[in-house]
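Fold and geometry: a report
Now for the letters of each chain:
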Amino acid sequence: MTCNMHRFFRVCLIIGVGAMSCPRAPMAQGATPSDREDISAMLQSWEEAWNRHDMHAFASLFHEDGVWVLWTGQVWAGRKAIEEGHAEVHRTVFRNSIQRERLEELTFVGPDAAVVRFCSTLTGDERAPERLIRSRKILIVTRRDADWKIGWGQNTRFADPTPDSPVCSALQ
């Protein structure tokens with residue numbers, strides 16, 4: 001792992017530990033209802049970019065130094081790598097895919113940082129066209145220069161027998 005990734009994971013750990021040691025509140029001090037709306041709109045943009053197979057628009061949701069961890073465990077570091085990696089699979093196995101997202105949790109851990117958890121369903125994977133693929137994604141979003149973007153994210157696919165949350169069940 002690179003030095004920058006180690007530093008990023010340390011920051012995420014510090015933010016996470018700090019958040020767990022504080023009483024849970026709907027919004028951290030300094031976060032506004034418009035911050036919640038901006039981050040929710042980001043999730044909508046994620047879904048729309050994916051379904052248009054516009055990986056440039058998709059990658060623009062990430063900070064330049066963003067990190068994406070695939071369900072396979074592979075790590076794409078940097079917006080360029082995230083765009084190129086997604087563009088490649090959208091030329092091949094995901095070229096006909098449709099993905100739907102549903103927000104499960106949005107927790108502000110500071111005025112400029114939030115954890116986003118959402119569930120996803122994907123259809124149209126060329127490797128299994130009839131299969132519904134379910135996953136849960138976690139994002140760390142931060143505000144820099146007045147813009148909310150993804151700093152770090154991870155995709156975890158559900159094993160087939162994994163029960164859905166009520167929110168995820170509504171996607172099917």
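Keep in mind that this is a model prediction, so the values were computed, not measured. (Residues numbered from 1 in each chain as written. Predicted model: local features only at pLDDT ≥ 70, side-chain atom pairs only at ≥ 80, totals over all residues. Heavy atoms only, no water.)

Description of the nonpolar core
Across soluble globular proteins, nonpolar side chains show a tendency to be buried alongside one another. In terms of nonpolar packing, the biggest core is built from 31 residues, with Ile39, Trp46, Phe58, Trp68, Leu139, Val141 and Ile150 touching the most fellow members. Of all the secondary structure elements, the ones that give two or more residues to this core are α2 (33–52), α3 (55–59), β1 (62–69), α4 (79–91), β3 (98–110), β4 (113–123), β5 (133–144) and β6 (147–157). Element by element, the count of residues in this core is highest for α2, at six residues. Ignoring sequence-local partners within four residues, the contact set of isoleucine 39 consists of Leu106, Phe108, Ala114, Val116, Val141 and Trp148. (Core = buried A, V, L, I, M, F, W, Y, C linked by side-chain atoms within 4.5 Å. Buried < 20%, exposed > 50% of the residue type's maximum accessible area, 1.4 Å probe, protein only. Helix = DSSP H or I, 4+ residues; strand = E, 2+ residues; numbered from the N terminus. Contact = heavy atoms within 4.5 Å.)

Digging into empty space enclosed by the protein
Scanning the model with the defined rule gives one cavity of 30 Å³ or more in all. Around the largest cavity, the lining residues are Ile39, Met42, Leu43, Trp46, Val116 and Leu139. No other element matches the four residues that α2 contributes to the lining of the largest cavity. Class assignment for the residues of the lining of the largest cavity results in six nonpolar, no polar and no charged. (1 Å grid on protein atoms, 1.4 Å probe; cavity = no way out; pocket = protein on both sides within 12 Å on 5 of 7 lines; lining within 4 Å. Points joined across faces, edges and corners; volume = space filled by probe spheres on them. Nonpolar A, V, L, I, M, F, W, Y, C, P; charged D, E, K, R; others polar.)

Observations concerning the pattern of salt bridges
Under the criterion given, the structure shown has 13 salt bridges. For glutamate 104, the salt bridge identified is with arginine 136, shortest N-O distance 2.7 Å. Note that glutamate 104 is positioned in strand β3 and arginine 136 in strand β5, a separation of 32 residues in sequence. Looking at glutamate 104, the relative accessible area reads 17%, which means it is buried. (Salt bridge = Lys/Arg side-chain N within 4 Å of Asp/Glu carboxyl O.)

Things to note about the confidence of the model for the protein
Across the protein, the average pLDDT comes to 85, with 76% of residues at or above 70. Across residues 11–26, confidence stays below pLDDT 50; counting only partners more than four residues off in sequence or on other chains, it has seven contacts. (pLDDT = per-residue confidence, 0-100.)

Digging into the packing of aromatic side chains
In total, this model carries nine aromatic pairs according to the counting rule given. Between tryptophan 50 and phenylalanine 94 the ring centres are 5.4 Å apart and the planes differ by 50°, which places this aromatic pair in the tilted class. Of the two residues, tryptophan 50 sits in helix α2 while phenylalanine 94 sits in the loop between α4 and β3, which places them 44 residues apart along the sequence. By way of ring pairs, the aromatic residues Trp46, Trp50, Phe58, Phe62, Trp68, Phe94 and Phe118 are connected into one cluster. If you follow arginine 157 out to its NZ or CZ, it ends over the ring of tryptophan 71, 3.9 Å from the centre. (Phe/Tyr/Trp six-rings, centres within 6.5 Å; stacked < 30°, edge-to-face > 60°. Lys NZ or Arg CZ within 6 Å of the ring centre and 35° of its normal.)

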